[in-house]
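Listed below, chain by chain, are the residues.
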Amino acid sequence: MKVEHFEKAFLSLGALLLLAGLGALLYGSIGAHIHLPGNVGQVDPAVVRTTAPFDQPGLRQVGPNEYEAVILGQTWNFLPSELRVPVGADVRFIGTSADVIHGLNIEGTRVNMMLIPGQISSMTYRFDEPGEHLIICHEYCGAAHHSMFGRVVAVNQLTEGDLVGSGSALAESGVYFDSEGNLVCEDIVGTGTELFQTQGCAGCHSLPSANASGNIGPPLDQVAANAAQRITDASYTSSAETPDDYIRESIMTPAAHVVDGYPNAMPAPQSLSDAEVEVLVQMLLAVSGQ
Amino acid sequence: MSAGTATVFDPTGFELPDGQRRVLRWTLYIGYFALVAGVFHGLAQALSYAQIDILKYFPFLESYYQGLTVHGVTNALILTFSFSNAFLPLMISRALSQKLVSSLLWTSFILMVLGNVLVFYAVTTNQASVLYTAYAPLQAHWSFYVGLVLIVVSTWVALLNMIIVYRRWRGAHPDVRVPLLAFISLASYAMWFLASLPIAVSFLGFLIPWSLGLIDKVDPLLNRTLFWFTGHAIVYAWLLPAYVSWYALVPRQAGGKLMSDTLTRFVFILFLLLSIPTGFHHQYTDPGISTGMKAVHAVLTFGVFFPSLATAFSVVAALEMGGRARGGRGLLGWIRRLPWGDASLTAQILAMVTFVFGGITGLINASYTLNLVIHNTSWIPGHFHMTVGSAVGLTLVGVAYWLIPYLTGRQLWGRGLALASSWVYTIGVLIFARGMSSAGLEGMPRRTYMAQAPYYQSQWDLGGMLTGIGGTLMFLGIIFFFIVIVATILVGKKGAAPKDIPWSESLHGPVSEGWAPRLDRIGVWSLVAVVLILIAYSPWFVSNLPPRLISPGFSIW
Ligand code: HEM
Ligand SMILES: [Cu+2]
Ligand SMILES: [Cu+2]
């Protein structure tokens, strides 16, 4: 019976192939320095926003040609949502999650790690060419998971604002309340539209003036009229009395009133100042006809 | 029976009592119904990857992720375990010529039904859109976790039934080797029993008290690790019943013989030993687990590939014997002579074909560093629709084509449509997997409502389109299957059904001398498995216990 011989040959060859595969892995991880995320450290998700380095997400220089990119994942965006990193330098990506499990995959690179609340993930990568890469959340993390993404831009030359500490997001948007409590903002619609796009609102809401077509939340092109209507509804039990109040409340405490037919899926803002919220409210009123 | 004769115990003329047949039949119906229920949203998912959004035609669904939870739970959990709960006890009862224990059969069935009812309630009311992996701190309604636990307990009761039947038989036949079919059926569920303990700890110890408000917080990494502690072995719990059919039944259906009794037992023992201590290969990209432990699991994962290689050889050799016995000649001529008109056999051969690709892509996933390229991209669903989604799925379809007639006493209705179902499904799944894997290599994520993703990239167009086309064919294949089965049950010709299971002879039967009989001691092998598991997992648990209870629940869907 020849079949036993074939069998022996097949199984030996198979075993050899498996061993060769293990050899290649050994070479890849030790010889070619491709490392998986390991056990780096722990952090308490309850206070992660005030714990270094996650209190100041962004890029910092830690050596002559070495950088650290700190990223905080939260429902449903990455902080910062855009990172500029230098070409040809070692960039160590350090991440964690402030709430549920998220994924962090930088498309076109081998940076691929899970962000698990309580654990710190880290991987080092060197970009060889300038270019833009998506950061994709590739683990299901709730209603708007598919709108959770960010960007890494590899550039030949960093500019000053690319490093954290050299100008906070607040100063950049340039809006604040003066000592009398008046909103100071040069271009409410322009700044508001920009905030709308960079703060993730556009992923969930449609708003033609901001080129937004999200459909998880209600369309906002008629929000002024809708707001006026909603506060008179019997189902409305919260305290807003004017459309402005209603929109402000919708942004600050989304769960106070959940619009009929939509999930309670809107996250409360994590990184908006009060002045920025006010700009958003005024912008929405302005573009929806009031 | 005198020691020294190689024998297969042959219970000619055995008949299962009608009452027991009925319970087995209804257990199977639950599983096959779950398959059909689940593929509707499967279609929606595949089309969503092709940028076609048909979700608006599912008015009773609140979101893509609710549908994806349905798909994963029905197809990966309910289909597979309902099938095993019926199939494995039937196999052992037939192999040993013993009746099953009716009370346990009923208990297992009722637990399965109750589990389904609870899960159905939780998922359809949108209180459990956490996907079938239920990763904390996403928090579902307690009924979801309790329902899943009941389903797992139903599998334990089915195993208990098998053990009792086995011991009864053993009492009457102290010196005979266990018939192969009984041995591999028992080994399959023994492996699953060991494997299911960690998830039981996770659900009973943490997630259920947490969802009931008895504890406020849980440890996300600990629960995730417990999940994958069970989670890799669960895929073998899905696969091994299919292997039981490939080894012990398919050769007969093809007109051949099972190659080697001893090698087959050896293969199942390797699965028992190696399926469980490999779970970290699902957590290569996780923080909080040392790279050294990940490497240990990588090596063991390569080890558990070996019994599948042996299986590939054995089942192809059995098919070849069949083809040659039917007059096939030449190197490949035997393939044409296989009974391709037999819908049951055809589905299972096609299942084996897809498993070649499933196995190869699986080895890539297991490859430690290579995993970084594909982890959680659409490559992964590409891979597992060729393993659980067709190697297992199509085998269960193929088995239904003789098993439902066998249990109902009715002839299979619509052989042509039955044949078409598995061909259409196979062509579909190959196109689907080609699409999912190639787009995955370019970073397209899995578990994502792609039709609405604001960052969608045009480089995924081709992969997405193939996913949509392939998924549509797969859907058609399952619908054909559904029509055939329902028609068989309702209008199939009475009396013209198979009277016995297609049980194969072995070319090289069991040996009673030397070390071979020691292979039969499942209890001892299970202990060895426990030792291996302790080696692979205890270092991590030692440094991660007690749990860090840090995460409150989030129900944000
Ligand atoms: C008509 C046939 C089917 C189609 C079109 C289909 C399609 C899909 C698609 C596109 C996904 C990925 C969804 C995403 O990641 O967003 C998926 C996930 C999945 N499918 Fe299927 N599928 C089918 C049948 C099956 C079968 C027969 C099984 C198992 C027996 C199965 C098991 C799974 C599992 C376990 C997942 C993962 C769910 C998760 O990530 O939570 N599918 N399916
Ligand atoms: Cu996500
Ligand atoms: Cu696995």
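Residues numbered from 1 in each chain as written. Chains lettered and ligands numbered in written order. Predicted model: local features only at pLDDT ≥ 70, side-chain atom pairs only at ≥ 80, totals over all residues. Heavy atoms only, no water.

(A) Local environment of the overall build of chain A. Within chain A, the secondary structure is distributed over seven helices and 14 strands. In summary, chain A has a C-alpha radius of gyration of 24 Å against a globular reference of 19 Å for 290 residues, an excess of more than 25%. If you line up chain A on its principal axes, its C-alpha atoms span 90 × 55 × 35 Å. Taking contacts inside chain A between residues at least 6 apart in sequence as the whole, the part at least 24 apart equals 58%. When the accessible area of chain A is evaluated, it comes to approximately 13,500 Å², of which 52% is carbon and sulfur surface. In chain A, the 11 positive side-chain charges and the 32 negative ones have mean positions that sit 16 Å from each other. (Helix = DSSP H or I, 4+ residues; strand = E, 2+ residues; numbered from the N terminus. Rg over C-alpha atoms; globule rule 2.2 N^0.38 Å. Contact = heavy atoms within 4.5 Å. Areas by Shrake-Rupley, 256 points an atom, 1.4 Å probe, with all protein chains shown as cover. Lys, Arg positive; Asp, Glu negative; His and termini not counted. Charge placed at Lys NZ, Arg CZ, Asp CG, Glu CD.)

(B) Quick peek at the coordination of the copper ion (ligand 2). Residues and elements named next belong to chain A. Protein coordination of the copper ion (ligand 2) is provided by Cys137 (SG), Glu139 (O), Cys141 (SG) and His145 (ND1), with donor distances spanning 2.1 to 2.5 Å. In this structure, the copper ion (ligand 2) is surrounded by four donor atoms whose angles at the metal cover 81 to 126 degrees, and the resulting shape is irregular. For the copper ion (ligand 2), all donor residues lie on one chain, and their spacing in sequence is C-x1-E-x1-C-x3-H. Judged by its relative accessible area of 0%, Cys141 is buried. (Donors = N, O, S within 2.8 Å, 3.2 Å for Na, K, Ca; no water. Tetrahedral: all angles 85-135°; square planar, octahedral: opposite > 155°, others 65-115°. Buried < 20%, exposed > 50% of the residue type's maximum accessible area, 1.4 Å probe, protein only.)

(C) Representation of the interface of chain A and chain B within the structure. Listed by partner, the interface residues are 59 residues for chain A and 62 residues for chain B. Interface area, chain A with chain B, both sides summed: about 5,100 Å², of which 70% is carbon and sulfur. On the chain A side of the contact with chain B, A:Leu36, A:Tyr140 and A:His146 bury the most area, a combined 16% of that side's loss. Applying the counting criterion to the chain A and chain B interface returns one salt bridge. A salt bridge links A:Glu139 to B:Arg447; its shortest N-O distance comes to 2.9 Å. When residues of the side of chain A that touches chain B are traced back to their parent elements, those giving at least two are helix H1 (3-31), strand S7 (112-115), strand S8 (121-126) and strand S9 (131-136) of chain A. Examining the composition of the side of chain A that touches chain B, we find that 14 residues originate from one element, H1(A), more than from any other. (Buried area = accessible area lost by both parts, 1.4 Å probe. Salt bridge = Lys/Arg side-chain N within 4 Å of Asp/Glu carboxyl O.)

(D) Local environment of a nonpolar patch on the surface. Taken together, the side chains of B:Phe33, B:Trp413, B:Phe482, B:Ile483, B:Val486, B:Leu490 and B:Val491 define a hydrophobic patch exposed on the protein surface, amounting to about 650 Å² of accessible area. Ranked by residues supplied to the nonpolar patch, first place goes to helix H15 (residues 461-491) of chain B with five residues. (Patch = residues over 30% accessible without salt bridge, like charges linked within 9 Å, V, L, I, M, F, W, Y side chains within 5 Å.)

(E) Fine view of the coordination of the copper ion (ligand 3). Every protein donor of the copper ion (ligand 3) is accounted for by B:His232 (ND1), B:His281 (NE2) and B:His282 (NE2), and the metal-donor separations fall at 1.7 to 2.1 Å. Between the donor residues of the copper ion (ligand 3), the gaps in sequence give the motif H-x48-H-H.

(F) Examining the sheet that holds S7(A) more closely. Residue and element names in this part refer to chain A. Strand order in this open sheet of five strands is S4-S10-S9-S6-S7, and the pairing throughout is mixed. The open sheet terminates on both sides in strands that have one partner only, identified here as strand S4 (82-86) and S7. The mean inter-strand angle of the sheet, taken between neighbouring strand axes irrespective of direction, is 20 degrees. Bridge analysis of S9 against strand S10 (residues 149-155) gives six bridges, and the strand direction is antiparallel. From the neighbouring strand, His133 faces S10, where its bridge partner is Val152. (Pairing = 2+ DSSP bridges. Axes fitted to C-alpha atoms, helices over the stretch in contact; angles between N-to-C directions.)

(G) Focus on the pattern of salt bridges. Residue and element names in this part refer to chain B. Under the definition given, this model contains 13 salt bridges over all chains. Across the salt bridge formed by Asp500 and Arg94, the nearest N and O atoms sit 2.5 Å from each other. One end of the pair, Asp500, is in the loop between H15 and strand S2 (506-508); the other, Arg94, is in helix H2 (residues 64-96), and 406 residues separate them in sequence. By relative accessible area, which is 4% here, Arg94 ends up buried. Residues Asp286 and Arg224 are paired through a salt bridge, measuring 2.6 Å at the closest nitrogen-oxygen approach. Placement of Asp286 in the loop between helix H7 (261-274) and helix H8 (291-325) and of Arg224 in helix H6 (residues 220-254) is noted, with a sequence separation of 62 residues between them. Accessibility classification places Asp286 together with Arg224 in one group, the buried group. When salt bridges that share partners are traced, they join Arg177, Asp261, Arg265 and Asp520 into one network.

(H) Fine view of the site of ligand 1. Residues and elements named next belong to chain B. The environment of ligand 1 is made up of 27 residues, and the closest members are Tyr64, His71, His385, Arg446 and Arg447. His71 places a polar side-chain atom, nitrogen or oxygen, 2.7 Å from a nitrogen atom of ligand 1. Between Thr448 and ligand 1, the recorded distance is 3.2 Å, taken from a backbone N or O atom to an oxygen atom. Residue assignment for the shell around ligand 1 shows that the elements contributing at least two residues are helix H1 (18-49), H2, helix H13 (388-408), helix H14 (415-441) and H15. With seven residues, the single largest contributor to the shell around ligand 1 is H1. Shared between two domains, the shell around ligand 1 holds at least three residues of each, these being domain 1 (62-252 + 528-557) and domain 2 (340-500). (Near = heavy atom within 4 Å. Polar contact = N/O pair within 3.5 Å; in protein donor to acceptor, adjacent residues only side chain to side chain. Domains from an automatic or database assignment.)

(I) Representation of the side chain of B:Ser308 in the model. All names here are of chain B. Within the secondary structure, Ser308 sits in helix H8. Its relative accessible area of 13% is what places Ser308 among the buried residues. With near-sequence residues (within four places) excluded, Ser308 lies in contact with Tyr243, Phe271 and Phe355.

(J) Spotlight on the confidence of the model for chain B. Residue and element names in this part refer to chain B. Of the residues in chain B, 98% have a pLDDT of 70 or more, and the chain-wide mean is 93. Per-residue pLDDT stays below 50 along residues 1-9; that stretch engages in 17 contacts with residues further than four places along the chain or on separate chains. In the predicted complex, the global pTM is 0.84; the interface-specific ipTM is 0.92. (pLDDT = per-residue confidence, 0-100.)

(K) Main features of H8(B). In this model H8(B) runs 52 Å from its N-terminal to its C-terminal C-alpha over 35 residues, within 8% of the 51 Å that 1.5 Å per residue would give. One or two positions beyond H8(B), positive phi appears at B:Gly327, with a value near 100 degrees. (Expected span 1.5 Å × (residues − 1).)

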